[in-house]
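# Secondary and tertiary structure notes
Chain by chain, the residues:
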Amino acid sequence: MSLCGSSKREHCMKCESVAMLNYVMVKPGCDTEVFVECATCGAFVARYTLTTYTSEDPYRSYLRLMRKKRSDSGAATRQAGQKFVTEVWEGYRQAKDLVADSEEVDHLEEILDRTE
Amino acid sequence: MKGWSLRRVLLGITGILLAVLAYLMLGSLPPRQRIMASIFILTVFLWITEIIPIFVTAVLSAFLCALLLGQGATLFGAQPLPASLFFNPFANTVIVLMFGGFVLARVFSRNYLDEEFCDFILARLGNKPQVVLLGIMGITAVMSMWMSNTATTAIMVATVLPAVRGLRPGSNLAKALMLGIPFAANIGGIATPIGTPPNAIALGLLAERGYTVSFFTWMIAGFPLMVVVLLITFGLTWAMFKTTVTEFSLKVSREHPTANRGIVYTTFFATVLLWLTDALHHIPSAVVALVPMLVFSVAGLFSKEDLRLIAWDILLLIGGGLALGAGIKETGLADTIVQYAVPSGFPKFGVIALFSFFIALIATFMSNTAAATIVLPIAVSLSGQSPMMMMITVAICTSYGMALPISTPPNAIAYGSEMIQSKDMFRLGALVSIVAVIVTVAWQALLFLVFPGLAVTS
């Protein structure tokens, strides 16, 4: 499969470290937010607003998504579960390959801007 | 076109050819019935193959009915039927009732009260495997009475999965737990009118014929039966997957960011109370169903975003199913099918049992709602002046089609955990299906014999 898109490791704009701490904030009725802090110098790096979250166990994450859904087709539900898990592992592999293949020159915001 | 494989195109062409062939071969029928039969066959084909989403098929069938049986009927030498006949079902009172149920479930889920309830019970189950299994199945069934069977199963499987993975691979207890959850979710849906869409289809078709089944009446028919079938399923599961494990407990230590408990629970119980007491206040269930949305919206717990996330596809599926039912009835196709399908003089309970087994069988291979949409319009035509028993029984038996991973979304979710094999699901699912249909037919016969006036008609 050919690689498309961009990928980069989050890094601190102050000290260039790639070691990060994530603070995940969950509030009922609100989107979950992740505040990223540099693990080396303690600077604030970024905030992510999550629409979906996938853990190291993608199928359980899929179940979390299904918690708010209704479905009327066993076949479609089964396919969706398989596709979800496959896409997570495939996406993870691609993201790592893209980072390995390219120079990380852009700020993450610039990459995101280009995808809008 | 994206996503259109050659297989799907070929299947689509096959479906259209089958519909045309049906029209040509049924030359002895009146033109309207020939058109309706073609639409019916195409719809059934699309629902079985699922080459397009099943709700799209439902809308397509309503569209084709309005087009070909409306002004288009003149091209086939038939009198046109009004298009409203096929679009009014999308505003049937059962759609409003289901919508109310969806709103309740959405607000529960959004405030994590579903998980909190689940964990509250799980934490008190102790460590005896049979008690844990029964408890899990009980919670699942109770939750799926009010929430979607899919969501209930997702919550329960996600909760139980870590502990189940700690068991020996292929262990009987793991299988029992991972089969008990989806089966309990399927069974739980039979207890209330909003438990699962086939119930709503049955109510909608009965309402079209002037028969009103109250929320309370449905629960009298469905709830005790649900308890009995659930206990039987538990017994069969336990017997089929005997375990040597003597202690098993679940770690329930999730933190729930729950909120708005007071208003959500008060609204929920008030709504259920109003649903169950409609004989006293005479407010229809569909009107009561709007109370949660109004209360939650005013309280800021139900936003436009929540409204967008309601399962409109399921509501369209129910509406399309009722439209198809209206077409089958108005064209007289249902009566024609009944003439050929059931010999005259066949005993009434025999017919009910036959339809109950038939619907459980086809629901094993296709969507329950689609199966209900295909069978119930014919069943209601067959049941003459007292359709209540036939419709409630057959609608309930739709939920028993659960022998395969693709039978229902709960089955698919549990199977996706990779803790069970399809042969395990088939062995237990087929047995449960057969026993549950027999128990259901017997229960309904007893119920309607003892309380002949139970089904309130208007």
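Nothing here was measured: the structure is a model prediction, and the numbers come from that model.

## Structural notes on the overall build of chain A
- Within chain A, the regular secondary structure consists of 3 helices and 3 strands.
- The burial tally for chain A puts 29% of its 116 residues in the buried class.
- Put simply, 40% of the contacts in chain A that link residues at least 6 apart link residues at least 24 apart.

## With respect to the pattern of salt bridges
- Taken as a whole and judged by the stated rule, the model has 15 salt bridges over all chains.
- The shortest N-O distance in the salt bridge between Arg-64 of chain A and Glu-115 of chain B comes to 2.3 Å. Separated into two different chains, Arg-64 of chain A in helix H1 (residues 58-66) and Glu-115 of chain B in helix H6 (residues 113-122) make up a pair that spans both.
- Under the relative-accessibility criterion, Arg-64 of chain A is labelled partly exposed at 36%.
- Accessibility expressed as a relative area gives 3% for Glu-115 of chain B, which makes it buried.
- For the salt bridge of Asp-424 of chain B with Lys-175 of chain B, the shortest nitrogen-to-oxygen distance reads 3.5 Å. Note that Asp-424 of chain B is positioned in helix H23 (residues 422-450) and Lys-175 of chain B in helix H9 (residues 172-188), a separation of 249 residues in sequence.

## A short note on the packing of helix H11 (residues 215-240) of chain B against helix H21 (residues 387-398) of chain B
Residue and element names in this part refer to chain B.
- Running from amino to carboxyl end, H11 crosses H21 at an angle of 40°, the nearest separation of the two axes being 11 Å. Between H11 and H21, the angle falls in the class oblique. Both H11 and H21 take part in a crossing whose hand is right-handed. The segment H11 lies against H21, with Trp-218, Ala-221, Gly-222 and Leu-225 engaging Ile-392, Ala-395 and Ile-396.
- Residues that form the contact of H11 with H21 fall into these classes: 6 nonpolar, 1 polar and no charged.

## Quick look at H1 of chain A
- Among the residues of H1 of chain A, those classed as buried are Pro-58, Tyr-59, Ser-61, Tyr-62, Leu-63 and Met-66 of chain A.
- Where the residues of H1 of chain A are buried, they touch helix H2 (74-101) of chain A together with helix H8 (149-165) and helix H22 (409-416) of chain B.

## Side note on the domain arrangement of chain A
- Once the domains are mapped, chain A shows domain 1 (12-51) and domain 2 (54-102).
- Just the C-alpha atoms count here: the centres of domain 1 of chain A and domain 2 of chain A sit 23 Å apart.

## Focus: the interface of chain B and chain A
- Residue-level contacts link 43 residues of chain B with 21 residues of chain A.
- Around 2700 Å² of area is buried between chain B and chain A when both sides are counted, 56% of it from carbon and sulfur atoms.
- The interface formed by chain B and chain A contains 4 salt bridges.
- Of the charged contacts in the structure, one is a salt bridge between Arg-165 of chain B and Asp-57 of chain A, with a shortest N-O distance of 2.3 Å.
- Summed over the shared surface of chain B and chain A, the result is 12 residue pairs in polar contact (both at pLDDT 80 or more).
- Elements that contribute at least two residues to the side of chain B that touches chain A include exactly helix H5 (93-110), H6, H8, helix H17 (312-330), helix H20 (368-382) and H22 of chain B.

## Quick look at the nonpolar core
- In terms of nonpolar packing, the biggest core is built from 164 residues, with Ile-136, Trp-275 and Tyr-400 of chain B touching the most fellow members.
- Here this core gets 11 residues from one element, more than from any other, and that element is H5 of chain B.
- Ignoring sequence-local partners within four residues, the contact set of Ile-136 of chain B consists of Leu-122, Leu-125, Met-156, Val-160, Leu-177, Ile-181 and Leu-250 of chain B.
- One finds Cys-12, Val-36, Cys-38 and Ala-46 of chain A within the second-largest nonpolar core, a separate group that totals 7 residues.

Conventions and cut-offs
Counting restarts for each chain, with residues numbered from 1 along the sequence as it is written. Numbering of ligands from 1 and lettering of chains from A proceed in the order in which they are written. Selection of residues for local features in this predicted model requires a pLDDT of at least 70, selection of side-chain atom pairs for listing and counting requires 80 or more, and totals for whole chains, interfaces and linings are taken over all residues. Values reported for side chains reflect all heavy atoms of the structure, with hydrogen atoms and water molecules removed beforehand. Helix and strand assignments follow DSSP, with helices taken as H or I runs no shorter than four residues and strands as E runs no shorter than two, numbered in order from the N terminus. Residue exposure (1.4 Å probe, protein chains only): buried if accessible area is under 20% of the type maximum, exposed if over 50%, otherwise partly exposed. In what follows, a contact means two residues having at least one pair of non-hydrogen atoms within 4.5 Å. By salt bridge we mean one thing: a side-chain nitrogen of Lys or Arg within 4 Å of a carboxyl oxygen of Asp or Glu. For helices, the axis comes from a line fit to the C-alpha atoms of the stretch in contact; other axes are also lines fit to C-alpha atoms, and the angle between any two N-to-C directions lies between 0 and 180 degrees. An angle counts as roughly parallel when it lies under 35 degrees, as roughly antiparallel when it exceeds 145, as roughly perpendicular when it falls between 65 and 115, and as oblique in every other case. For any pair of crossing helices, the crossing counts as left-handed if the nearer helix is rotated counterclockwise from the farther one by less than a right angle, and right-handed if it is rotated clockwise. Under the grouping applied here, Gly and all other residues not named as nonpolar or charged are polar, the nonpolar ones being Ala, Val, Leu, Ile, Met, Phe, Trp, Tyr, Cys and Pro and the charged ones Asp, Glu, Lys and Arg. Residue ranges assigned to the domains are those given by an automatic or database domain assignment. A 1.4 Å probe defines the accessible area here, and the buried area is the portion of it lost by two parts on being joined, summed over both. Throughout this description, a polar contact denotes any pair of N or O atoms lying within 3.5 Å of each other; where both atoms belong to protein, one of them has to be capable of donating a hydrogen while the other can accept it, and for residues adjacent in sequence the pair is counted only when both atoms sit in side chains. Among the buried residues, those of types Ala, Val, Leu, Ile, Met, Phe, Trp, Tyr and Cys that are joined through side-chain atoms within 4.5 Å form a nonpolar core.

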